[in-house]
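Report on the structure
Below, each chain spelled out in residue letters.
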Amino acid sequence: MAGMELRALRKSYGGLEVLHDIELSIADGEFVVLVGPSGCGKSTLLRMIAGLEPITGGEFRIGGRRMNEVPPRDRDIAMVFQSYALYPHMSVARNMGFSMEIRRRPAAEREGPVAAAARTLGLDRLLERFPKALSGGQRQRVAMGRAIVRDPQAFLFDEPLSNLDAALRVEMRLEIARLHQRLGTTTVYVTHDQVEAMTLADRIVVMNGGVIQQVGTPLELYDRPANRFVAQFIGSPTMNLLDLAADAAGLRLGNGATLPGPGSAAQLGIRPEHLELVSAEEGEIAAQAQVIERLGSDTNVFTEAEGIGLLLARVHGNVDLRPGDRVGLRLMRDRIHLFDAEGARLPTAH
Amino acid sequence: MAALRRTPPALVAGKYAAIAAYVAFALFPLYWLLKIALTPDALIFSDGTALWPSELTLDNFRTVIFQSDFMAYFRNSVIVSLSTAAATTLIAAAAGYAFSRFAFRGKRWVVALMLLTQMFPLLMIIAPIYKLVAAIGLLNSLTSLIVVYTAFNIPFATFLMQSFFDGIPRDLEEAAMIDGCTRLQALRVVILPLTLPGLGATLGFVFTAAWSELLFALMLINSNDAMTFPVGLLTFVSKFSVDWGQMMAAGVLALVPSCLFFLFIQRYLVQGLTSGAVKG
Amino acid sequence: MSATHAEHAPGMPRARLARAWLRYAVEPYLYLSPALLLICFVMLIPLAIGISYAFQSINLLRPFDAGFVGLENFETLVGDGRFWTAMSNTFWWTFGSVTLQFGLGLGLALLLSTQFHGKRLVQALVFLPWAVPTFLIALTWSWLFNPVIGPLPHWAAALGLLSEPYNILGDPDTALWGPILANVWYGVPFFAITLLAALQSIPSELYEAAEIDGASRWQCFTKITLPFLGPMIAITVMLRAIWIANFADLIYVMTGGGPANSTQILATYVFTTAFRKLDFGYASAIAVALLGVLMVYAVILLVVREKLVRV
Ligand SMILES: Nc1ncnc2c1ncn2[C@@H]1O[C@H](COP(=O)(O)OP(=O)(O)OP(=O)(O)O)[C@@H](O)[C@H]1O
Ligand SMILES: [Mg+2]
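Because the structure is predicted, anything quoted here is derived from the model rather than measured.

**Here we look at the overall build of chain A**
Looking only at helices and strands, chain A has 8 helices and 21 strands in total. Seen along its three principal axes, the alpha-carbon backbone of chain A occupies a region of about 80 × 45 × 35 Å. Burial statistics for chain A: of 350 residues in total, 52% are counted as buried. Within chain A, contacts between residues at least 6 apart in sequence are counted, and of these 65% link residues at least 24 apart. Surface exposure of chain A reaches about 14,800 Å², of which carbon and sulfur atoms provide 49%. Charge centroids of chain A, computed over 40 positive and 43 negative side chains, lie 8 Å from each other.

This is the structure in structure tokens:
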């Protein structure tokens, strides 16, 4: 096991640079999740770490050793592909033991680790099957089994659960978390799924357009997003953004109300769960309920606020509201995020 | 298509009649070949155009196989076709792999070059090839035929192999490399076993193409020892255009390898052509 | 966005860079080199030489006359009646073969796209001619046309198509039909296979939707099948035409271009001039003319393709 260092890592295809100056240190045993919109370069970064994609510029180290020119087979990492990439002409057991077969470990020696991994993943009875005779979830397990058999320095996952249905995804997520707790192997995990990112990660790396936007623990990203992009990307439903009028006295909302704060702020962000729903008279913002989504545990209230626009409030439990009802909204003061015109985070008053 | 639409019985009858007509059209010439080959010499004219021979014999085959040069021609053709098929498949597999797995400078030019070779009439180079081959003293040698046929078939075989490689997800190879393979190991252990049907198909296509090539063989070979089957048969026909039974028996023999291959390739035909990868 | 400071990345030794470059730029050419070498030496260089022959006098029977003669071969060509006959024969040979192959091929493909008993067997049988070596096709058909052992003349006479059972390959008026028929027999499977593959690529939902909309069988064919296959059909037909125009084997074996040049097409004319007369210069001039015709045709084809793709 080992940590990784990414120093000013860049990648271009022809003249087109798709990753710019990526700086990242991954500690030994850490679980790092890469998130970002489609096409932002997550897979490319992961493949550079794996050695499948040549590194255009910068330096990449594993355990202090420079890896830029080291071929994948010598990096001692295991990868789980989104498509699983199981060898269709080999049985499950052979798929899982393939890395040892390549390293010429005798068959007898291979059996132990394969059996152990199979037991962990509940694949004991499938060892002689071929990939085409497996369900999606089982294939996914085999792909993971192939990785853990290796006991590598690091695991790489590229959207490993995205081909599974919702229930299986939750189950496999738990499996991966458990595995990481047990093995403690350094892991880099690419996903689209916020819940996966939030639940699995020690630290999350948010990327956009080939640039790292923020690196931090899930709660840091949730509580203190470094910029508007991260603020909107992390958290579901998405954070409300209110345009502010510049005003020396403070922050003036579209409906004329003012809050204390730096006059340079251009936008105010507030997560739906941090908007309190109160009676029309009590609120700082008067609004009209438009659509009410009842999820059981929570209720999403989409409201139209005068002079401000659409605002979403998320309330725990159920509320007795109907479309068209007038409501008041109150901002939880310590949950407000402020951004300047470029979208960078500004310090808040409290 | 339309599962629930009821088809009028007349149409059904018409359909089966049409199918029968197509099958008859396709098989009749081959049937006739076989029929004359099996008819005893004495009966060829009296049987005339009767659909069934009144008597069967294997004499013609016996004569052709044991008392003529046809077995030598056959052997030459097998040598030429097998060598061509093996060499072409090997070379085309390497080239197809490069096309499928690498993006490299000049790729478009190389592809264009290969397409160009498929566009111009091959007969354009029959004279220069003759002079070149004569200049290096390889007229009447099977080697020259093998080299020439290999080159002719490479472009098409390359595109065919490329389409087979394209069908194998790149992930598999990458997974193998992460599992510790070098590129060549990944090729051998993972890609090769999955390309076997493709290799077989390419081998077969090239074999048949080489097996039936006539014009270049006519030009480059005129000694009896080095004649391929088509050249030998044609020479035989123009020399002794009397022994119908023997000629047709020889024809039936020439048909055997092609038909074997056809049976093997049958199931790939439609899907192979879908990818536009198969020539006439 | 720039990649200019790639070389100055810390700790990137020159040798390693060179190795990485080698791996990504040279490796593919390593795999391609045998193919490229062969193609160059066996096809491209001879092609260039062949074109140069067209401007030379090279006749193996008159080895002392060799040398550059400029456009003389082409001048001879213009005045050569056999050349013009061959040109028009090429047209009729190609047109007749393609039309019949395509018509019968489409019919067969439509039949095979329906369900019936024994379909797999039928498919194997009707595709069989495609696998028969061309020289054998030529021989078989010339035997079928031969009244001594073949049934065709007798049948034709019985149907009143021929006055008496004679060999149509020996009659300049009808000889071209012989190779065309053989070619059709050989080529129908090709079209059927191609068209069948295309038919199978039409999503069946389209037919289901049309059926729900109340389309008849014939309407389904004209409103869905044909428009869907149209561009593909046009391109296959046109490419196939080039191939057939160059296809000399059948004619050479069946008639050798005779009788009285009535079946000589440009491709066989090239071959007989080179092979029988050993006049490589003139043969190459004919070949260049054939190439010219094909190129004009290809340009037309490209224009048509543009049109079709845009629609
Ligand atoms: N071979 C290539 N040539 C040129 N550009 C490429 C190539 N591969 C990827 N790219 C570009 O690099 C960018 C990053 O791609 P990448 O696959 O890393 O995205 P991603 O973040 O994994 O997206 P997704 O979430 O959809 O998988 C994309 O804009 C893509 O178009
Ligand atoms: Mg990706």
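**Details of the site of ligand 1**
Residue and element names in this part refer to chain A. Taken together, Tyr13, Val18, Ser38, Gly39, Cys40, Gly41, Lys42, Ser43, Thr44, Glu159 and His192 make up all the residues around ligand 1. Between ligand 1 and the protein, one listed contact pairs an oxygen atom with a backbone N or O atom of Gly39 at 2.8 Å. Coverage of ligand 1 by the protein amounts to 58% of the 640 Å² it exposes when considered alone. Of all the elements, helix H1 (residues 42–50) adds the most residues to the shell around ligand 1, at 3 residues. For the shell around ligand 1, the residue count by class is 3 nonpolar, 6 polar and 2 charged.

**Considerations on the environment of Phe221 of chain C**
Residue and element names in this part refer to chain C. Looking at the element boundaries, Phe221 is found in helix H9 (residues 217–245). In this structure the C-alpha to C-alpha distance between Phe221 and Leu100, which are 121 residues apart in sequence, comes to 20 Å. Excluding its chain neighbours within four sequence positions, the residues that come into contact with Phe221 are Leu110, Leu226 and Pro227.

**What to know about the packing of helix H5 (residues 107–119) of chain B against helix H7 (residues 142–166) of chain B**
All names here are of chain B. In the contact formed by H5 and H7, the axes pass within 9 Å of each other and the chain directions differ by 125 degrees. As judged from the angle between their axes, H5 and H7 are oblique. Crossing of H5 against H7: the hand is left-handed. Of H7, the residues touching H5 (which contributes Val111, Met114, Leu115, Thr117 and Gln118) are Phe152, Pro155, Phe156, Thr158 and Phe159. Taken together, the residues that form the contact of H5 with H7 break down as 7 nonpolar, 3 polar and no charged.

**So, the interface of chain A and chain B**
It is common to give the size of an interface as the accessible area that goes away when the parts come together. Contacts between chain A and chain B engage 23 residues on the former and 16 residues on the latter. Summed over both sides, the interface between chain A and chain B buries roughly 1,700 Å², with carbon and sulfur atoms accounting for 65% of that surface. One can count 3 salt bridges joining chain A with chain B. One salt bridge connects Arg150 of chain A with Asp179 of chain B, and the closest N-O pair in it is separated by 3.5 Å.

**Let's talk about the domain arrangement of chain A**
All names here are of chain A. Looking at the assigned domains, one finds that chain A contains domain 1 (4–232) and domain 2 (237–346). Taking only C-alpha atoms, the centre of domain 1 and the centre of domain 2 are 38 Å apart. Taken together, the contact pairs 10 residues of domain 1 with 16 residues of domain 2. Considering only the surface of domain 1 that becomes buried against domain 2, Tyr222, Arg228 and Gln232 emerge as the three largest contributors, covering 57% of it. Seen at the junction of domain 1 and domain 2, the total is 1 salt bridge. Across the salt bridge formed by Asp223 and Arg335, the nearest N and O atoms sit 3.2 Å from each other. Taken together, the connections running from domain 1 to domain 2 amount to 8 residue pairs in polar contact (both at pLDDT 80 or more).

**Some thoughts on the side chain of Ser99 of chain A**
Note on placement: Ser99 of chain A falls in helix H2 (residues 92–102). The buried category is assigned to Ser99 of chain A, whose relative accessible area is 2%. With sequence-adjacent residues up to four places away left out, Ser99 of chain A is seen in contact with Arg150 of chain A together with Asp179 of chain B.

**Thoughts on the environment of Phe120 of chain B**
Here Phe120 of chain B shows up in the loop between H5 and helix H6 (126–135). Discounting residues that sit within four places of it in the chain, Phe120 of chain B has contacts with Ile125 of chain B together with Met43, Leu47 and Leu291 of chain C.

**Describing the pairing of strand S19 (residues 326–331) of chain A**
Working note: regular strand, side chains alternate between the two faces of the sheet. Residues and elements named next belong to chain A. As judged from the 4 bridges shared by strand S15 (residues 275–278) and S19, these two strands associate in the antiparallel manner. Pairing of Leu277 across the sheet is with Leu329, part of S19. With 4 bridges joining them, strand S16 (residues 285–294) and S19 adopt antiparallel strand pairing. Opposite Ala287, over in S19, you have Val327 as the bridge partner.

**Let's talk about the UniProt feature "domain: ABC transporter" (unreviewed entry) in chain A**
UniProt tags residues 4–234 of chain A as "domain: ABC transporter" (unreviewed entry). The straight-line gap between the two end C-alpha atoms of residues 4–234 of chain A is 25 Å; of that span, 38% is helix and 26% is strand.

**What to know about the packing of helix H8 (residues 170–178) of chain B against helix H9 (residues 183–212) of chain B**
Residue and element names in this part refer to chain B. The interhelical angle for the contact between H8 and H9, taken along N-to-C directions, is 135 degrees, at an axis separation of 9 Å. Comparing their axes, H9 and H8 come out oblique. Of the two possible hands of crossing, H8 and H9 adopt the one that is right-handed. When H8 is examined against H9, the residues Leu172, Glu173, Ala176 and Met177 are found in contact with a partner set consisting of Arg183, Ala186, Val190, Ile191 and Leu194. Looking at side-chain class alone, the contact of H8 with H9 contains 7 nonpolar, no polar and 2 charged residues.

**Details of the packing of aromatic side chains**
Evaluated as defined, the whole model comprises 41 aromatic pairs over all chains. When the centroid spacing of 5.5 Å and the interplanar angle of 90 degrees are considered together, the rings of Phe70 of chain B and Tyr73 of chain B count as edge-to-face. Note that Phe70 of chain B and Tyr73 of chain B are positioned in helix H4 (residues 70–101) at a spacing of 3 residues, about one turn of the helix. Neither residue differs from the other here; Phe70 of chain B and Tyr73 of chain B are each classed as buried. Three or more aromatic residues joined by ring pairs make a cluster, and in this case those are Phe70, Tyr73, Phe74, Phe207, Trp211 and Phe229 of chain B. The cationic tip of Arg146 of chain A hangs over the ring face of Tyr87 of chain A; the distance from NZ or CZ to the ring centre is 4.8 Å. Sitting over the ring of Trp243 of chain C, Arg240 of chain C keeps its end group 4.2 Å from the ring centre.

**Considerations on the sheet that holds strand S4 (residues 57–62) of chain A**
Spatially, 4 strands are ordered S2-S1-S4-S5 (chain A) in an open sheet, and the strand pairing comes out antiparallel. Bordering the open sheet on either side are strand S2 (16–26) and strand S5 (65–66) of chain A, each of which pairs with just one other strand.

**Structural notes on the UniProt feature "transmembrane region" (unreviewed entry) in chain C**
Residues and elements named next belong to chain C. Under the feature "transmembrane region" (unreviewed entry), the UniProt entry names residues 29–55, 91–112, 124–145, 176–199, 220–245 and 280–304. The straight-line gap between the two end C-alpha atoms of residues 91–112 is 31 Å; of that span, 100% is helix and 0% is strand. As annotated, residues 176–199 has a helix share of 96% and a strand share of 0%, and its two end C-alpha atoms lie 33 Å apart.

Thresholds, definitions, all that
- Residues numbered from 1 in each chain as written.
- Chains lettered and ligands numbered in written order.
- Predicted model: local features only at pLDDT ≥ 70, side-chain atom pairs only at ≥ 80, totals over all residues.
- Heavy atoms only, no water.
- Helix = DSSP H or I, 4+ residues; strand = E, 2+ residues; numbered from the N terminus.
- Buried < 20%, exposed > 50% of the residue type's maximum accessible area, 1.4 Å probe, protein only.
- Contact = heavy atoms within 4.5 Å.
- Areas by Shrake-Rupley, 256 points an atom, 1.4 Å probe, with all protein chains shown as cover.
- Lys, Arg positive; Asp, Glu negative; His and termini not counted.
- Charge placed at Lys NZ, Arg CZ, Asp CG, Glu CD.
- Near = heavy atom within 4 Å.
- Polar contact = N/O pair within 3.5 Å; in protein donor to acceptor, adjacent residues only side chain to side chain.
- Nonpolar A, V, L, I, M, F, W, Y, C, P; charged D, E, K, R; others polar.
- Axes fitted to C-alpha atoms, helices over the stretch in contact; angles between N-to-C directions.
- Parallel < 35°, antiparallel > 145°, perpendicular 65-115°, else oblique.
- Left-handed = near helix turned anticlockwise from the far one by under 90°.
- Buried area = accessible area lost by both parts, 1.4 Å probe.
- Salt bridge = Lys/Arg side-chain N within 4 Å of Asp/Glu carboxyl O.
- Domains from an automatic or database assignment.
- Pairing = 2+ DSSP bridges.
- UniProt positions renumbered as here; feature names shortened; annotations may be inferred.
- Phe/Tyr/Trp six-rings, centres within 6.5 Å; stacked < 30°, edge-to-face > 60°.
- Lys NZ or Arg CZ within 6 Å of the ring centre and 35° of its normal.

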